[in-house]
Amino acid sequence: MDKDNGHILLNTGAFIHNAIRTDLEGRLCDLRTRFPPEPGGFLHIGNARAVYINFELAKIYGGKCNLRMDDTNPVKEEAEFVQAIQDEIRWLGYEWDGEVRFASDYFDIFYDCAVDLIKKGLAFVCDMSAEEIRASFGGIDKAGTESPYRNRSAEENLDLFERMKNGEFPDGSRTLRAKIDMASSNLNLRDPVIYRITRKTHSNTGDKWCIYPMYDYAHPLEDAIEGITHSLCNVEFEDHRPIYEWYVNRLDRFTVKPRQMEFASLAVTNTVMGKRHIRKLVAEGKIGGWDDPRLVTLSGMKRRGYPASAIREFLGATGVAKAQSTADFGLLEHYVREHLKPMSKVVMAVLEPLKVIIENLPEGVTETLDVPYNTDDPSAGSRAVPFTREIYIERDDFMEVPEKKFFRLAPGKEVRLKGAYIVLCTGVEKDAEGNITAVRCTYDPATKSGAARTPQGDSGMQTDGAETRKVKGVLHWVSAEAALPIAAHLYDTLVLDAPETETGWVENPNSMVVMENALAEPSLANATPDDRFQFMRQGYFCLDEKKASQGGKPVYNRTVGLKSSYKPPAP
RNA sequence: UGGGCUGUCGCCAAGCGGUAAGGCACAGGACUUUGACUCCUGCAUCCGAAGGUUCAAAUCCUUCCAGCUCAGCCA
């Protein structure tokens, strides 16, 4: 049942596997990876790929994976994210080794290492402003110019750096820089900044520090401190590997040298993942928030009803490579359906109700039918469904003048009501404007569902007696008097066609359609957000975990629709 | 324009010198009390392009082309 044990990952990312196997043989130490988010936002499916890769790799090779908050730059209100990120990773199905770690816990070590670099003549305090540094940087095809402060003595640098730490200089007035090569074709090597002065209160260290380390400097040290053997990151950091190695190799205190490897980040069609894009959509009121079910944030996908196992399999299926790729949203949906199928109860709900009157069933009579939750899986059990004179069917399931190959209800035609009887349409009721207000039918009592079903079910559903009629159409329905009013939220992709681009995207105006008058069968009265349902012929739904409709009705999110090969005939 | 990386079916993706796996999508068909599921069948004489090496190349070499990426005191 659990088909994603990481074996999928073994079928991809050969370059990583090869590197790990080779490294593991020589070093006599266990694999240790890490997932190092900056606690400044919620995780989305792109981040989830990094989570997946790091944790699954550790699992495959019997190693460990750390969770580290990369909080080298003080940001406000990160406590919320620190907790959310942990919840999201656990929901995805992973547990990190030991406690959550914080880069800020290593600030003292970072400082000591910087002192080491200064003593070795590998770092210097630079008095240039940000603008001046930028101006001296040169260009993509032009060497930069060296800082006039580059050749200060170690003693002077030590003194200045300590005073930087002690708060003697204003924000941005000085930096500590690595002394590498201002002419390097790799821009990251042009005397990169190691420390900047910025008086911001850090959520973890408070006001202890007024100097904070840069990512390029801190990250390799964090990895080395934690004994990370393989530091997996996005290809955009490929250019940073030389600087990563430069620091790691110049600091003697680290015996295990972590190795950075890169993989391409994951893009998905028809959605937006960028932090600022999402923020914009929220600000404009286009979506409800970071956990909007239309978003591919982990909280959004959870709320929408995506099983974590489906996301994991999707992540495995899209592979680990260095080539930039954009996965079809449809592939994600495929795995969501596949995982939802065995865990869902098939129930009936009518999204857009049309009344049907069963003429030959007296008023006040309720027949209680026992309908299996899953025709394909008897072990799923069954529930009671009331059948009454007035019921509702889907408006789309009736056509007064049926088109070709319309297998549903139309005057003079027969259909089966799922779990009940075959009904024959005898007429239509209309209002003054000619709108159809109700459909009249008669039911055939001899066609009761499963009346003589064989125990093995080898011949499927049989009817008793001589009734052997088969009808092509099987409709879902709900009893008018027992129906539960619900609101159904139908989602579509946020973006039409193209994936997120620099220039923007085409929003889908119908990314959410609210069916305010939907009706569900009474068995849903005790549903919880953890339940998974398939609304027969409509798709997979789950009870929204935080929302109730205006009228106080429960809100059901359509996780994903069912596939359909039904094509209306061309006009 | 300098550096780095990448280019196998519409989308992912195996393949690593021996004659193009698989999944999604798509198109037919079977089955069906979900037009779902399931099950068959089809879907790259070709691996960005052009040369070359070899008995043999997507895999090696050369050149070219295209895409992504880098000039925060962000991560």
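Residues numbered from 1 in each chain as written. Chains lettered and ligands numbered in written order. Predicted model: local features only at pLDDT ≥ 70, side-chain atom pairs only at ≥ 80, totals over all residues. Heavy atoms only, no water.

Enquirer: Explain the overall build of chain A to me, and be specific about the residues and the numbers.
Expert: When you go through chain A residue by residue, the secondary structure sums to 13 helices and 29 strands. The C-alpha atoms of chain A give a radius of gyration of 31 Å, which is well past the 25 Å a tight globule of 571 residues would have. For chain A, the spread of C-alpha atoms along the three principal axes comes to 100 × 55 × 45 Å. Across the 571 residues that make up chain A, the buried fraction comes to 52%. Of the roughly 25,800 Å² that chain A leaves accessible, carbon and sulfur atoms contribute 50%. (Helix = DSSP H or I, 4+ residues; strand = E, 2+ residues; numbered from the N terminus. Rg over C-alpha atoms; globule rule 2.2 N^0.38 Å. Buried < 20%, exposed > 50% of the residue type's maximum accessible area, 1.4 Å probe, protein only. Areas by Shrake-Rupley, 256 points an atom, 1.4 Å probe, with all protein chains shown as cover.)

Enquirer: Can you tell me about the protein's contact with RNA strand B, naming the residues and giving the values?
Expert: Taken together, the neighbourhood of RNA strand B is formed by 66 residues, with M128, D239, F407, S449 and Q534 sitting nearest. Take the atoms of RNA strand B that sit within 4 Å of the protein: sugar and phosphate atoms are 62% of them. Between RNA strand B and G172, the relevant distance is 2.9 Å, taken from a base nitrogen to a main-chain nitrogen or oxygen of the residue. Listed by contribution, the elements that provide at least two residues to the surface near RNA strand B are α6 (130-136), β6 (193-197), α12 (308-318), β11 (325-327) and α13 (329-343). Top contributing element to the surface near RNA strand B by residue count: α13, with four residues. Counted by class, the surface near RNA strand B contains 26 nonpolar, 19 polar and 21 charged residues. (Near = heavy atom within 4 Å. Polar contact = N/O pair within 3.5 Å; in protein donor to acceptor, adjacent residues only side chain to side chain. Nonpolar A, V, L, I, M, F, W, Y, C, P; charged D, E, K, R; others polar.)

Enquirer: An account of the pairing of strand β17 (residues 390-394) is requested, with residue identities and associated values reported.
Expert: Extensive coverage of β17 is indicated by the burial of four of its five residues. Strand direction decides the pairing type here: strand β14 (residues 353-358) and β17, joined by five bridges, are antiparallel. The residue of β17 that forms the bridge with P353 is E394. Examined bridge by bridge, β17 and strand β22 (residues 477-479) share three bridges and lie antiparallel to one another. Within the sheet, the bridge partner assigned to Y392 lies in β22 and is V478. (Pairing = 2+ DSSP bridges.)

Enquirer: Hey, could you go over the sheet that holds strand β18 (residues 414-417) for me, with residue numbers and the actual values?
Expert: Read from one edge to the other, the open sheet built from seven strands follows the order β21-β18-β19-β20-β14-β17-β22, with strand pairing classed as mixed. Pairing within the sheet leaves two strands with one partner each, and these edge strands are β21 (474-475) and β22. As paired strands, β14 and strand β20 (residues 436-444) are joined by four bridges and run parallel to one another. In the strand pairing of β20, I358 is matched with C441.

Enquirer: Before we move on, could you go through the nonpolar core and cite the residues and values that matter?
Expert: The biggest cluster of nonpolar side chains holds 57 residues, and the ones touching the most others in it are I45, I89, F314 and L332. Looking at this core, the element that brings in the most residues is helix α3 (residues 45-60), giving nine residues. (Core = buried A, V, L, I, M, F, W, Y, C linked by side-chain atoms within 4.5 Å.)

Enquirer: Pulling in residues and values, what's your account of helix α9 (residues 241-250)?
Expert: Considered for burial, the residues of α9 that qualify are I243, Y244, W246, Y247 and V248. Among the structural elements, α5 (107-119), β5 (175-178), β6, α8 (215-226), β8 (230-234) and β9 (259-263) are those in contact with the buried residues of α9. (Contact = heavy atoms within 4.5 Å.)

Enquirer: Please set out the pairing of strand β29 (residues 554-560) residue by residue, giving values where relevant.
Expert: When you tally the buried positions in β29, you get six out of seven residues, the bulk of the element. Two elements, strand β23 (residues 484-491) and β29, share three bridges in a ladder whose sense is parallel. From the neighbouring strand, A488 faces β29, where its bridge partner is Y556. Connecting strand β28 (residues 539-548) to the antiparallel partner β29 that follows it, the hairpin turn spans five residues, and G552 within it adopts a positive phi of roughly 80 degrees.

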